[in-house]
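What follows is the residue order along each chain.
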Amino acid sequence: MANQNAHLSFAELERIAEKILKLSAAEETEVDVSASTDALTRFANNTIHQNVAEHSLGISVRAVVNGRTARASTNKTDEESLRRVVASAVTLARNQPENPDLLPLLGKQKYQKVSRFFSATAETSPQDRAKAVTRVCKLADKHKQTAAGIFASGSASSVMANSKGLRARYENTHSEFSVTILEENSSGWAKSNSPDIRKLDTEELAERAAAAAAGSRAPREIPAGRYTTILSPSAVLDLVGFLFYDFAGTAVHDKRSCLTGRLGKKLFGDNITIWDDAYHPLQSGAPYDGEGVPRQKVLLVERGVPKNLVYSRATAKKMKAKPTGHGFLLPNEYGEAPMNLVFSGGDKSTDEMIRTTERGILVTRLWYIREVDPYEKILTGMTRDGTFLIENGRVTGGVRNFRFNQSVIEMLSNVDMLGPAVRAAGEESFEMVVPPMKVRDFHFSEVTKF
Amino acid sequence: MMQDLANAAIETAKRRGASYADVRVMDVRHRDISTKNGQVGTLAEAESLGIGIRVIAGGAWGFSSTDRLTSEGVQACAAEAVAIAKASALAKRENVSLAPEPTHVDTWQNPFLKDPFRIPVEQQIDLLLAADKEMRRVKGVTVAEGSMSFRRIEQLFASSAGSSIHQIKMQSGAGIVATSFEGTEIQKRSYPNSFGGQHMLRGYELIEEMDLVGNAGRIAEQCVALHSAAQCPEGQQSIILDSSQLGLQIHESVGHPIELDRVLGMEANFAGMSFLTTEKLRKLKYGSDIVNVVADARLEHGPGLGTFAYDDEGVPAQCTPIITNGLFTGYLSSRETASSIGEKRSGGTMRCESWNRLPMIRMTNISINPGTWKYEDLIADTDDAILMETNRSWSIDDKRYHFQFSTEIGWEIKGGKRGRMIKNPSYSGITTEFWNSCDAICSRNYWTLWGTPNCGKGQPQQVMGTGHGASPARFRNIKVGVAFAK
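Secondary structure assignment for chain A yields 10 helices and 19 strands. Viewed in the frame of its principal axes, chain A has a C-alpha envelope of about 70 × 55 × 35 Å. Expressed as a percentage of its 450 residues, the buried residues of chain A come to 58%. When contacts within chain A are restricted to residue pairs at least 6 apart in sequence, those whose partners lie at least 24 apart make up 73%.

Right under this line is the structure:
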C-alpha cells in the first residue's frame, strides 16, 4: 500500500521548516516537522477484527521572546495555519514570567550517523500482514488454541531546524509482532519488535506462545512468598524500565529520584552495569535530543554503583555538569531522561538457570506494574500468560498468577545469573537491551484466581 | 467543510465496494500549562484536524485515517480503508454483523460558562503560580507542581446509512501536587485528585470553583507531616474510601471488566479479558444489596468525561444499569458486540481518542449511586477502620479479579472518631469479594463526578477520559498494608 506521506521527502519537510523560520518574528525560533505512516493488523479469536492505517504530519514551533519560551503545534500546512501556529507560539511565550534557566538556541551541530530505515518495513502491505496473521491463526486452530495479537509496521521521518542554523534529520521504520495464545485455563505470550521487519519470525513467536499456553494448563495454586525467580527479558524490561527517569539530572535535583544521596555508592550487585547508548546496534531512536544536542553514550551504573546521570542543557548548567544529549522538547518541567538503556548481560542460558533451581518460579510476562514507593523503588504488578513452577531443576507445570511487591533496588542486588542482553519488548516500558535474570527472594505477595 | 469531506469519503468507500462506511472528521484543540517550583514548565497549544474512515468490505473491517484533507487525500484514504478491509477478509471466520441503529441527524454541544481558550494564558499561569507559592511556604516541600489542560473537540460523524451528527465538547481540568523528600522517603499530596487533578466536560468555571490556592497550604502541610505519621498496619480490617479513590476502584474493578470487547476476547493480547463471562449476566452477585452502578453517558448524569450526545458510531447516549441491588445486570457494548451476544441494540459506548483512531468500547460515566449515609454519621458509626484518601498507585490483573491500591494519605478511625494520620496506606482484594463487603455509602451531598483523563486501552493504544461518580463508602474485613509487607 502506498504511503500517502511518503511523498513528503526530507526536502519537503525542510521546506516547511524553512518557511516557518521565515514567518517567525520571534527573537529565536525552533521548528520540528515530522511525517509518519503507521499500520496495525489486530487479531483475536483466530480472526482479524481490527485493521488500521494512519498517515499524519506534525509541525511544532517553539518561539523565544525576552527570555521566555512556548510551543504551538498544528497538522495544517496552509499559509494561514502556518502563520497562526507561529503567532500562537509567540503570544504564549510573551504572556508568562521570564524563565531564568532558559538558554539561547544551539547553533549548527554534527551528528553520528544511524541507519534505522528499512524499505522492507516501509513497504509492508496489509496483505503481507494479513497473510502472516492467517498462518498464525491456522497454527492456533491446529493446536485447538485461540490466538490474539497484533502485527504492526510503519515509518517516520522528521527534521529539526532553528534560527541559529541548527539542522537535523532522522528517519526510521518500526515493526512489531505480539501474540497471546489462549487455552481453556491457561495462556502464553511472545512479542518482538525491530526496525527491520525481516527480523520478526512471526511463526516462531506464535509457537513459543503456544508452548507456554500448553505448558501451563490447569495451573496449580501455590502460596505467595519469596521465591527464586527466573524473569524473561520482557519481564526484566518492564521492571527496570521504571528506573529510567531516576537517572535524570532533574529528578535528582528535585529529590524525587531513588538515586538521591546514592550516587557513587554501591546500590546493586556487582553484575549490574548499565549504559545509555543510542548507537547500540539493538537500539533505536534519533542521534539528537529535543534541543538538537547530539546524544552521548553514558555509563549510568558500573558494577552496581550508580556513576552518572544524564542532563539537558539547562539542567547541566544548574548542576554544574555537561549536557549529555538527553533533553526533552522544550519547554517542559521534566528535563531529560536516558531513553536507550543497555544492560550488560551474562552468558547463562535460561535452561541453565532452570537446571540450577531447586524450587522457583519462571515468569513469561508481567502486567499492570505501578510504583508503590519511589525511593525504595517498590513496584507492584501481576504475572500473566505463562507462570511456571520449577522443582528440582525442571519446569513442572503452570501456577496461578501472582501479585508481586518488589523493590527493584533489592532485585538488582539479588541477581544470581544473567543471560545475554537482547532487545526486549514489554508493555510498561519502551524497548531496551536487557538480559533474562535469575533473582533470589523475589517477593510474590498474593495469588489471584487463575 | 466537515460534511463535504465526510461525503467524499463515504462515496469513495461505497464505490470501492464497501457495504458500510462511517467517518469521523475531528478538529481537536489543546492547551496545556504546568508549573514547578515557581516557574512555568510546559506551555503549549496544539491543534489537529483529520479524518478517520471505517468500512466493512468483503464482510470484514478496514480503517484508515489522514490529515491530508484534499480531495485526493481523502479519496486515497477511503480507498485504503477498503483495501485494508479486503485484506482483513483473508482471515475472516464470519461476516461482521451490526446491531440495528436508526439514522440520526443532530447537533450538540456541552454547556459551559467560560471558554478556557478565551481566558488569558497569563491569568491561568498566575493562578498556578499562586498555588505553587502557597505550597512552597511550607518547610519541607521539595517540589510544588501545578497543571491545567483544556480540550475543545469538534467532530462530525457521518455514515453511509445517512447519519450526520455534529458535536462540540469542551473539557477542562487542573490539579496541584506537593512532594517532600526526607531521610529515605518521598511523600506527596495532591488536590483535588492525583494524576492531573479533576477534569470535567465544563469550562474555566470548573477551575475557579476548585480553589487551588485555598487548598495548597493544607495539602503541603499534610505532605510534610506524612514523614512522621504512623505506617499503615498489616492485617484485615474495615476501610473507608474517599470518593476519588472509590471512583478509581469503580474504574478498575467494574468499568473495565464490563467492557464486552474484553469479555469476548478482542483485547486478550494487551488489556486482557474479563472474569465477567456472559453466563454471569443477571446471575452474578457482584456486590452487596446497597451497591448500584450505572453506565450513564447522558448529560443529566453530569458533565463527566464520559458524557456525550452520541457515541463515535452514531448511537445516542444511554444509561445502562450495570449493578442493580448487587446483581450484575449489564455490559458496555458496541453495535458489533451487542449483536454477537444477541442484544437488540448497542449500549452506545464506542469512542475514539482522535481522528486517527478506530472507535472502541470505552467507559462512559461509570458511577455508583449515592447511598443514604451522612459522612459524619459514617465516621461515628465506625469503631476501627482506616480512612484512605487520594490514589497513589493502582494495579489489577488482566481478568480484573485481584487488585491492589495505595493512597496518598490515611487516617485512623477509632471509636467513631478520626484519629492520627497514617502513611503509605494500601489495600488489596478480589473484585466480587470486595464489592460484597460494602456496607455503607454516603448520600448525594458527598457524591462527586470525577474525571479520569488517562485511561489507556487498545492497540495502537488510545487514551480516553472517563467519568466516575462516587461518594465515600465503607468496606468490611479488607486486607490492608500488603504493599509494604516485608
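Regarding its fold elements, chain B presents 10 helices and 24 strands. Whereas a compact globule of 486 residues would reach a radius of gyration of roughly 23 Å, chain B reaches 23 Å, a difference of no more than 12%. In terms of overall dimensions, chain B has C-alpha extents of about 70 × 55 × 40 Å along its principal axes. Sorting the 486 residues of chain B into buried and exposed places 63% on the buried side. Put simply, of all contacts in chain B between residues at least 6 apart along the chain, 77% involve residues at least 24 apart.

Attention shifts here to the interface of chain B and chain A. Many authors give the size of an interface as the accessible area that is lost as the parts come together. Across the boundary between the two partners, chain B contributes 69 residues, which contact 75 residues of chain A. A total of 12 residues in the side of chain B that touches chain A trace back to one element, the largest contributor, which is strand β2 (residues 39-57) of chain B. Along the lines of polarity and charge, the residues of the side of chain B that touches chain A split into 31 nonpolar, 25 polar and 13 charged. One ladder, built from 4 bridges, connects strand β2 (residues 47-65) of chain A with strand β3 (residues 60-66) of chain B; its direction is parallel. Bridged to A:H55 within β3(B) is B:T66.

Here we take up the pairing of strand β12 (residues 359-373) of chain A. Residue and element names in this part refer to chain A. The element β12 is extensively covered by neighbouring structure, given that 12 of its 15 residues are classed as buried. As judged from the 4 bridges shared by strand β7 (residues 225-231) and β12, these two strands associate in the parallel manner. By the bridge assignment for β12, T228 is matched with G360. Bridge count between β12 and strand β13 (residues 378-391): 11 bridges; the pairing is antiparallel. Residue pairing in the sheet places V363 in a bridge with T387 of β13.

Another point: the packing of helix α3 (residues 121-136) of chain B against helix α5 (residues 212-225) of chain B. Residue and element names in this part refer to chain B. Running from amino to carboxyl end, α3 crosses α5 at an angle of 25 degrees, the nearest separation of the two axes being 8 Å. The angle between α3 and α5 places the two elements in the roughly parallel class. At the point where α3 passes α5, the crossing takes the right-handed sense. Contacts between α3 and α5 involve L127, A130, A131, E134 and M135 from the former and L212, V213, A216, G217 and A220 from the latter. Partitioning the contact of α3 with α5 into residue classes produces 8 nonpolar, 1 polar and 1 charged.

Attention shifts here to the nonpolar core. Residue and element names in this part refer to chain B. A9 and I53 are the most contacted members of the largest nonpolar core, which has 282 residues in total. The element contributing the most residues to this core is helix α2 (residues 71-88), with 10 residues. What I53 contacts, discounting residues up to four positions off in sequence, is A9, A13, A21, V23, F63, S64, S65, C77, A78 and A81.

Right, let's talk about helix α6 (residues 243-255) of chain B for a bit. Residue and element names in this part refer to chain B. Counted at 1.5 Å a residue, the expected span for α6 with its 13 residues is 18 Å, but the 16 Å between its end C-alpha atoms falls short. For α6, the buried fraction is high: 12 of the 13 residues fall into the buried class. S243, S244, Q245, L246, G247, L248, Q249, I250, H251, S253, V254 and G255 are the residues of α6 that are buried.

Residue and element names in this part refer to chain B. Mapped onto the fold, P359 is located in the loop between β14 (350-351) and β15 (360-361). Since 23 C-beta atoms lie within 10 Å of it, P359 is described here as buried. Taking C-alpha positions, P359 is 9.5 Å from S334, a pair spaced 25 residues apart along the chain.

The subject of this paragraph is unusual backbone geometry. A negative phi angle is the norm for most residues apart from glycine, just as the trans form is the norm for most peptide bonds. A:P331 follows A:L330 through a cis peptide bond whose omega is -5 degrees. Position of A:P331 among the secondary structure elements: in the loop between α8 (313-318) and β11 (341-343). In this structure, the amide linkage connecting B:Y191 to the following residue, B:P192, adopts the cis form with an omega of -5 degrees. Looking at the element boundaries, B:P192 is found in the loop between β7 (185-191) and β8 (198-200).

All names here are of chain B. Strand order in the open sheet formed by 4 strands is β13-β12-β11-β16, and the pairing between neighbours is antiparallel. Edge positions in the sheet fall to β13 (327-328) and β16 (366-368), since each has one partner strand and no second. Judged from the 3 bridges that link them, strand β11 (residues 293-296) and β16 form a sheet pairing that is antiparallel. Counted as the bridge partner of A295 is I366 from β16. Each of β11, β12 (319-324) and β16 touches α6; the most contacted strand, β16, lies at about 120 degrees to it.

Residues and elements named next belong to chain A. The N-to-C vectors of helix α1 (residues 10-23) and helix α2 (residues 79-94) enclose an angle of 55 degrees; their axes lie 10 Å apart at closest approach. When the axis of α1 is compared with that of α2, the two are oblique. Between α1 and α2 lies a crossing of right-handed hand. Across from K19, I20 and L23 in α1, the residues of α2 making contact are L82, R83 and V86. Taken together, the residues of the contact of α1 with α2 break down into 4 nonpolar, no polar and 2 charged.

With that out of the way, let us pick up the confidence of the model for chain A. Put simply, chain A has an average pLDDT of 96, and 98% of its residues get 70 or more. Overall, residues 1-5 of chain A carries pLDDT values under 50, and its contacts beyond four positions in sequence, including any with other chains, amount to 18 contacts.

Residue and element names in this part refer to chain B. For β7, the buried fraction is high: 6 of the 7 residues fall into the buried class. Bridging between strand β6 (residues 164-182) and β7 involves 7 bridges; their strand directions are antiparallel. Bridge assignment links F181 to a residue of β7, and that residue is I186. Taken together, β6 and the strand that follows it, β7, pair antiparallel across an intervening segment of 2 residues, in which G183 is found at a positive phi of about 65 degrees.

Attention shifts here to the confidence of the model for chain B. Taken as a whole, chain B shows an average pLDDT of 97; of its residues, 100% reach a score of 70 or greater. What the predictor reports for the complex is a pTM of 0.97 with an ipTM of 0.96.

Reading guide: rules and limits
Residues numbered from 1 in each chain as written. Chains lettered and ligands numbered in written order. Predicted model: local features only at pLDDT ≥ 70, side-chain atom pairs only at ≥ 80, totals over all residues. Helix = DSSP H or I, 4+ residues; strand = E, 2+ residues; numbered from the N terminus. Buried ≥ 20, exposed ≤ 12 C-beta atoms within 10 Å, placed from the backbone. Contact = placed C-beta atoms within 7 Å. Rg over C-alpha atoms; globule rule 2.2 N^0.38 Å. Nonpolar A, V, L, I, M, F, W, Y, C, P; charged D, E, K, R; others polar. Pairing = 2+ DSSP bridges. Axes fitted to C-alpha atoms, helices over the stretch in contact; angles between N-to-C directions. Parallel < 35°, antiparallel > 145°, perpendicular 65-115°, else oblique. Left-handed = near helix turned anticlockwise from the far one by under 90°. Core = buried A, V, L, I, M, F, W, Y, C linked by C-beta atoms within 7 Å. Expected span 1.5 Å × (residues − 1). pLDDT = per-residue confidence, 0-100.

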